[in-house]
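Architecture at a glance
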Amino acid sequence: MNDRLIPWVLPFTVFLLWFLSSEMEIVPLYLFPHPFEVAQSGWSYIFGKIGDEPYAGRFVYDLAASCTRISLGFGLAVMTALPLGLMSGRNRFVHRLLGTSVDGLRAVPGITWLPLAMVWFGIGIKTTVFLVGMAAFFPIYLNSATGAREVDPLLLQAGAMMGVNRFNAVFRILIPAAMPSIVTGLRLGLGISWAYLVLGELTGVPNGLGAIIMDARMVGRTDIIVVGIFLVSVIGRLSDLLLKLLLRFCFKNAL
Amino acid sequence: MLCDKNVFLGVENLGKQFPGNGTPLTVLENINFEAEDGEVISIVGRSGCGKSTLLKILAGFLKPDSGSVFFKGSRVHRPGPDRCVVFQEDALFPWLTAGENIAFGLKRQIRDGSRIEREVDRFLDLMGLSQFRDYLPREISGGMKQRVALARVLILNPEILLMDEPFAALDAQTREEMQELLLELWGQFSHTIVFVTHDVGEAVAISDRVIVMDKNPGRIKDVINIELERPRRREDVNFMRFYSRLYKLLRD
């Protein structure tokens, strides 16, 4: 079988089963709509003209809102978790100082922060950004710490001998050498960011991909719920690919 | 006594201990020797005799517990491009190509990009690496990697080359090729070489002087001058004589 086709076998099979079960109405359509109806709603949601239909043409605005929240939350997580992780991987004192607390906080499921975040930040962008940042922090922190810890001391010695000072060694040797682990952390962090984005947006914000799903539930539009789920999966996957491409462009041995 | 400027490399009463379980382990004890400019010195000894530790102290990676190392009149206390190390294992930067690895140290010294390119080309050519310029370390053989490791330090024009069993992981044939290459380069650049090895044949093939080390604690057992003309041939009777003399010294 053609190698490029293999990844599509499973989605196609699922689609076929979905199509058949809808055609034969094994599952009532109000619980799980027909694929064609979903496709039609999706088309209208993405390309339709605003006002034609309740959800028509809103995709661009929802995407923009969600991407802003993801960028802020994920960006915040990267900016804190990466330096702290690298430091804790290289410095015993930092590791002792942060290790137990980080592990303790990590044991708290992300969703537990939701009530407190709502009290602190109200409903809106801040709560979502907080949840996303909180969730993305841990995989990035842990993986960059592991990466930094496992850098072969020989590489740092080689750098020192060729005239790299301690400050430059961080950027010239430590980060590139730890890059494979850092990439793993970033990818896991970005993946979980999408999960917490949707969670944050389920709490009553007017726009965003999570909001549209929750909104559609209240008016019984399962077709739009399915469209939302599908789009989150596609965009999540695309953002992962984008991250991979970006990192491969910057660091040859990253992946 | 050694601190005078006439001594190129001087090692004085060097001692080093590692903290063991309870009792500290003496790795090096009372090490004294000198090296002249342009000399090739080998340090041979069984594993655990502290020869690699000694090399790390010469490089400035480790601090001795007693005694000191002097290089051209000043005390060695940190690593630097005047005393470059070729490591046993693969210490190339895996994220850089062969060419970029060779350029790495030079980029810390000069900014002129086209001059760096020219120098890298020269050393790639010298090492027979020209067609491997854009390969990553994981894509080339062990022998090629050690050529890159040698090139990335020679390009810095070091005064001393410190080599920590650099060819130990290579197959016998490649190892002899690398020994010949090293001597060829030595003829051209005439830097001082301190070469750590456990291979007696290797020591006889390349050295002016061989320092034989004892273990527990690591001490200098004997120093042997290899009075053989270069190029040396392993099947030569005199080569054999030095070989068996060193071999016996090591085994006793």
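Reading guide: rules and limits
Residues numbered from 1 in each chain as written. Chains lettered and ligands numbered in written order. Predicted model: local features only at pLDDT ≥ 70, side-chain atom pairs only at ≥ 80, totals over all residues. Heavy atoms only, no water. Contact = heavy atoms within 4.5 Å. Buried area = accessible area lost by both parts, 1.4 Å probe. Salt bridge = Lys/Arg side-chain N within 4 Å of Asp/Glu carboxyl O. Polar contact = N/O pair within 3.5 Å; in protein donor to acceptor, adjacent residues only side chain to side chain. UniProt positions renumbered as here; feature names shortened; annotations may be inferred. Helix = DSSP H or I, 4+ residues; strand = E, 2+ residues; numbered from the N terminus. Phe/Tyr/Trp six-rings, centres within 6.5 Å; stacked < 30°, edge-to-face > 60°. Buried < 20%, exposed > 50% of the residue type's maximum accessible area, 1.4 Å probe, protein only. Core = buried A, V, L, I, M, F, W, Y, C linked by side-chain atoms within 4.5 Å. Domains from an automatic or database assignment. Pairing = 2+ DSSP bridges. Axes fitted to C-alpha atoms, helices over the stretch in contact; angles between N-to-C directions.

Here the focus is the interface of chain B and chain A. Across the boundary between the two partners, chain B contributes 25 residues, which contact 16 residues of chain A. Interface area, chain B with chain A, both sides summed: about 1800 Å², of which 73% is carbon and sulfur. It is B:Trp95, B:Phe104 and B:Arg108 that lose the most area in chain B upon contact with chain A, and together they represent 35% of the buried surface on that side. Taken together, the connections running from chain B to chain A amount to 0 salt bridges. Across the chain B-chain A interface, the total number found is 0 residue pairs in polar contact (both at pLDDT 80 or more).

Per the UniProt annotation, the sites labelled "domain: ABC transporter" (unreviewed entry) are residues 9-240 of chain B. Across residues 9-240 of chain B, the secondary structure splits into 33% helix and 27% strand, with the terminal C-alpha atoms separated by 30 Å.

On to the UniProt feature "domain: ABC transmembrane type-1" (unreviewed entry) in chain A. Here the UniProt-annotated "domain: ABC transmembrane type-1" (unreviewed entry) positions come out as residues 63-243 of chain A. From the first C-alpha to the last, residues 63-243 of chain A spans 18 Å; its make-up is 85% helix and 0% strand.

Here the focus is the packing of aromatic side chains. All names here are of chain A. In the structure shown here, the tally under the stated rule is 20 aromatic pairs over all chains. Residues Phe137 and Tyr141 carry aromatic rings whose centres are separated by 5.6 Å and whose planes lie at 15° to one another, so their mutual orientation is stacked. Placement of both Phe137 and Tyr141 in helix α6 (residues 125-149) is noted, with a separation of 4 residues, approximately one turn of the helix. You'll find Phe137 and Tyr141 in the same group, each marked buried.

What follows deals with the nonpolar core. B:Phe93, B:Ile102, B:Leu150, B:Leu161, B:Met163 and B:Leu182 are the most contacted members of the largest nonpolar core, which totals 149 residues. The leading source of residues in this core is helix α8 (residues 166-201) of chain A, at 16 residues. The residues that make up this core include at least three from each of domain 1 (9-82 + 159-251) and domain 2 (92-157) of chain B. For B:Phe93, the residues in contact, after removing those within four places along its chain, are A:Leu155, A:Ala158, A:Gly159, A:Met162, A:Ile173, B:Asn101, B:Phe104, B:Pro137 and B:Arg152.

Residues and elements named next belong to chain B. With mixed pairing, 6 strands are arranged side by side in an open sheet as β6-β7-β8-β3-β9-β10. Every interior strand has two partners, whereas the edge strands, β6 (83-86) and β10 (219-225), have only one. If you compare each strand with its neighbour and ignore which way they point, the axes differ by 20° on average. Docked against the sheet, helix α5 (residues 172-189) engages β3 (40-44), β7 (160-164) and β8 (192-197), running at close to 160° with respect to β8.

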